[in-house]
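Spelled out from the first residue to the last, the chains are:
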Amino acid sequence: MRPLRHLSAFALILALPWVAGCPGVLELKSKQAKGGPAKSTVAPILYDDFEKGFGGGWTYACTEGGASAAVSEEDQTVHSGKKAMKVTFKSGTGSWGAGFGWGTPYMPKAGYFNAKGTIGIELWVKGPRGAGFQISLKEGKQNGGDEEVYLAPQGTCTGVWKRYFFAYDGFTRGIYSGNQGGDDRLEIGSLASMDIQIAEKQGDGIMYFDDIYFK
Ligand SMILES: [Ca+2]
């Protein structure tokens, strides 16, 4: 083994000047810096854990396709604590499924969350294996927000409780809802509400949501 170890140390020394001068490595570094902080610089900010009770919801659906959603408080199937949120859905056969939102009791008095310093949303979801859901955030009007809507990449349920993390870097601006004449930039200092959409053409079922944080 000893000769081999000597050989790899020798190879590393030979490679070092090449790595240091490699344009590819330097380019990658500058790209990461432009994408914002790689780690949160503040404590996690609770959006909702449903322990304070369900703040009332709103739903919408592609009814021509037979989709629907009903949202309520759940006290049996929870990720942590005593309560979660339950969504009973029919995904329908239309061009989109159903969506819902709710009023979180943790909403700051200002009417929006200032999530500056966080890098994304973490939440726990349990739903039918393969069923897709998508978080969206709407900006407020104050503190730099201009009421645009931004969508996270779709999450896919596994049949058991699973943790999801969606970095803001992967969000895209909504073209069917929210301000269409805004600054085209997600302002995390002004997050006024959260919606969740359930994808179409994936049958009927129940999804549970719990422990939603800006992190
Ligand atoms: Ca904006």
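Keep in mind that what you see is a predicted model, and the values were worked out from it rather than measured.

Colleague: Account for the overall build of the protein, naming residues and giving values.
Modeller: Helix and strand content of the protein: two helices and 13 strands. Counting the 215 residues in the protein, one finds 33% classified as buried. Sequence separation of 24 or more characterises 78% of the internal contacts of the protein that already satisfy a separation of 6 or more.

Colleague: Could you give an account of the pairing of strand S12 (residues 191–198), with specific residues and numbers?
Modeller: Burial within S12 is extensive, with seven of its eight residues counted as buried. By the bridge criterion, four bridges tie strand S5 (residues 98–102) to S12 in an arrangement that is antiparallel. Within S12, the residue paired with phenylalanine 100 across the bridge is isoleucine 196. The pairing of strand S7 (residues 132–139) with S12 spans seven bridges and is antiparallel.

Colleague: Summarise the nonpolar core; cite the residues concerned and give the values.
Modeller: By size, the foremost hydrophobic cluster in this structure holds 44 residues, and its most contacted members are Ala69, Met85, Met207 and Phe209. When residues in this core are grouped by element, the largest group, six residues, is from strand S13 (residues 204–214). Ignoring anything within four residues of it in the chain, the contact list for methionine 85 reads Phe50, Phe54, Val71, Glu73, Glu74, Trp102, Tyr208 and Phe209.

Colleague: Account for unusual backbone geometry, naming residues and giving values.
Modeller: Positive phi outside glycine occurs at asparagine 143, with the angle close to 55°. With respect to the helices and strands, asparagine 143 occurs in the loop between S7 and strand S8 (149–151). On the basis of neighbour counts, which here come to 17 C-beta atoms within 10 Å, the residue asparagine 143 falls in the partly exposed class. Here lysine 201, not a glycine, exhibits a phi torsion of approximately 55°, which is positive. By the secondary structure assignment, lysine 201 is in the loop between S12 and S13. For lysine 201, a count of 14 C-beta atoms within 10 Å puts it in the partly exposed group.

Colleague: Outline the pairing of S7, supporting the account with residue identities and numerical values.
Modeller: Most of S7 sits inside the fold, with six of its eight residues counted as buried. Bridge count for S7 against strand S9 (residues 155–156) is two bridges, and the pairing is antiparallel. By the bridge assignment for S9, glycine 132 is matched with threonine 156. In terms of strand pairing, S7 meets S8 through three bridges, oriented antiparallel. The residue of S8 that forms the bridge with serine 136 is leucine 151.

Colleague: I'd love a proper account of the environment of isoleucine 121, names of residues and values included.
Modeller: Residue position: isoleucine 121 is located in strand S6 (residues 120–126). Taking the number of C-beta atoms within 10 Å as the measure of exposure, isoleucine 121 has 24 and is therefore buried. The sequence separation of isoleucine 121 and phenylalanine 166 amounts to 45 residues, and the corresponding C-alpha distance is 5.3 Å. With sequence-adjacent residues up to four places away left out, isoleucine 121 is seen in contact with Ile135, Ala152, Phe166, Ile212 and Phe214.

Colleague: Mind laying out the environment of glutamine 202, listing which residues take part and the relevant values?
Modeller: Its place among the elements puts glutamine 202 in the loop between S12 and S13. Separated by 74 residues in the primary sequence, glutamine 202 and proline 128 place their C-alpha atoms 9.4 Å from one another.

Colleague: Tell me what's going on with the confidence of the model for the protein, and back it up with residues and numbers.
Modeller: Looking at the protein as a whole, the pLDDT averages 88, with 83% of positions reaching at least 70. Every residue in residues 6–34 is under pLDDT 50, and counting partners more than four places away or in other chains gives two contacts.

Rules used in this analysis
Residues numbered from 1 in each chain as written. Predicted model: local features only at pLDDT ≥ 70, side-chain atom pairs only at ≥ 80, totals over all residues. Helix = DSSP H or I, 4+ residues; strand = E, 2+ residues; numbered from the N terminus. Buried ≥ 20, exposed ≤ 12 C-beta atoms within 10 Å, placed from the backbone. Contact = placed C-beta atoms within 7 Å. Pairing = 2+ DSSP bridges. Core = buried A, V, L, I, M, F, W, Y, C linked by C-beta atoms within 7 Å. pLDDT = per-residue confidence, 0-100.

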